[in-house]
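Letter by letter, the chains look like this.
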Amino acid sequence: MRKSSQKPFKNRILQSSRSKKTRIVLAIDVNDGPPKELSDRATDLIEQTLQWICAVKLGRQTILCIGPERTAELLRKIHGSGLTTIIDDKLNDIDETNAAITRAYHNLGFDAITVNPFTGWKGGLEATFKLAHERGMGLLALVYMSHPGASEGYGQKILSNARSKKTRLEFEIFAERAVKWKADGAVVGATRPSIVLRAKEILGTSVPIFSPGVGTQGGEIARSLKAGTDYFIIGRSITTAKNPGNVAEEFAKASVDLDT
Ligand code: BMP
């Protein structure tokens, strides 16, 4: 088991982002081949993009396809390069189950995990936040996903409890929960800059915004950055490119445009 003597995840990724002048989190979603081939591909992608990324996010499908031993080995290599790691599992179960999954990922070496605030706090995510934060592990809460159908859930107007008279937007409540729960990040799709802007008003500087959806899904760095995105989670536009390093470099430079 890894110890929690290190700084909180939020600080570690910020430090890496500032020192490397990039806000890009590389999403590695490999799942179409034998395990060794896939983990070699993941290693190669990291080596090619290393200079231009501040963290790596692995999808659950990648772990299922390469297995726990290869995952742990890959994470050791990533940490050896000074990068933090996120497991994208979007936790959404009862407390015992969420906590057990989180513990297993932490023992493999992950630094942060994604969670779904639909789950709720009591008997849902409370135990996971407690466990993860005791271990120095970060939690990224979904606030508004990047795909078109996200509006059916995150964009709904709801009565937040039986006594409410006024409807509220679901994602605004999720953003408030991310602040209240002391999440280390909020996931808001780059495909909807106006939602990023509104989420930023609620999240302020205490919860950074991680935006997937750039490139392949149609989102643009410049618009999302201006609206308030702190980090961009980018997969296929980099991982399927002829030269992933060059594409990552372009994204990295665009991602810090407002900082210069
Ligand atoms: P890509 O850049 O290839 O579209 O990948 C985006 C990554 O972010 C994928 O791993 C996907 O699972 C994840 N993601 C997303 O696309 N939208 C969300 O709202 C939340 C995500 O985690």
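Report follows, based on the coordinates.

Residues in close proximity to the ligand total 13 residues, the closest being Asp29, Lys57, Ser146, Gly235 and Arg236. A distance of 2.9 Å separates an oxygen atom of the ligand from a polar atom in the side chain of Asp88. Gly235 places a polar main-chain atom, nitrogen or oxygen, 2.8 Å from an oxygen atom of the ligand. Burial of the ligand by the protein chains amounts to 88% of its free accessible area of 480 Å². Secondary-structure elements contributing two or more residues to the shell around the ligand are β3 (84–91) and β10 (231–234).

A separate point is the packing of aromatic side chains. Under the counting rule described, the total for this entry stands at ten aromatic pairs. For the ring pair Phe118 and Tyr154, a centre distance of 5.8 Å and an interplane angle of 65 degrees mean the geometry is edge-to-face. Residue Phe118 is found in the loop between β4 (112–115) and α5 (121–134), and its partner Tyr154 is found in the loop between β5 (138–144) and β6 (157–158); the two are separated by 36 residues along the sequence. Judged by relative accessible area, Phe118 falls into the partly exposed class, the value being 41%.

Moving on, we come to helix α7 (residues 193–203). Every buried residue of α7 is listed here: Pro193, Ile195, Val196, Ala199, Ile202 and Leu203. Within α7, the buried residues cover an arc of 165 degrees as seen down the axis, which keeps them to one side. Counted as exposed and oriented over 90 degrees from the buried face of α7: Ser194 and Glu201. Buried positions along α7 lie against β5, α6 (170–180), β8 (185–188), β9 (209–212) and α8 (221–227). Residue Gly204 follows α7 closely and has a positive phi angle near 55 degrees.

This part takes up α6. Those residues of α6 that fall on the buried side of the exposure criterion are Glu170, Phe171, Glu172, Ile173, Phe174, Ala175 and Ala178. Looking at the packing, one finds that the buried side of α6 touches β5, β6, β7 (168–169) and α7. Immediately beyond the C-terminal end of α6, within one or two residues, lies Lys182, with a positive phi of roughly 60 degrees.

Rules behind the numbers
Residues numbered from 1 in each chain as written. Predicted model: local features only at pLDDT ≥ 70, side-chain atom pairs only at ≥ 80, totals over all residues. Heavy atoms only, no water. Near = heavy atom within 4 Å. Polar contact = N/O pair within 3.5 Å; in protein donor to acceptor, adjacent residues only side chain to side chain. Areas by Shrake-Rupley, 256 points an atom, 1.4 Å probe, with all protein chains shown as cover. Helix = DSSP H or I, 4+ residues; strand = E, 2+ residues; numbered from the N terminus. Phe/Tyr/Trp six-rings, centres within 6.5 Å; stacked < 30°, edge-to-face > 60°. Buried < 20%, exposed > 50% of the residue type's maximum accessible area, 1.4 Å probe, protein only. Arc of directions from axis to C-beta. Contact = heavy atoms within 4.5 Å.

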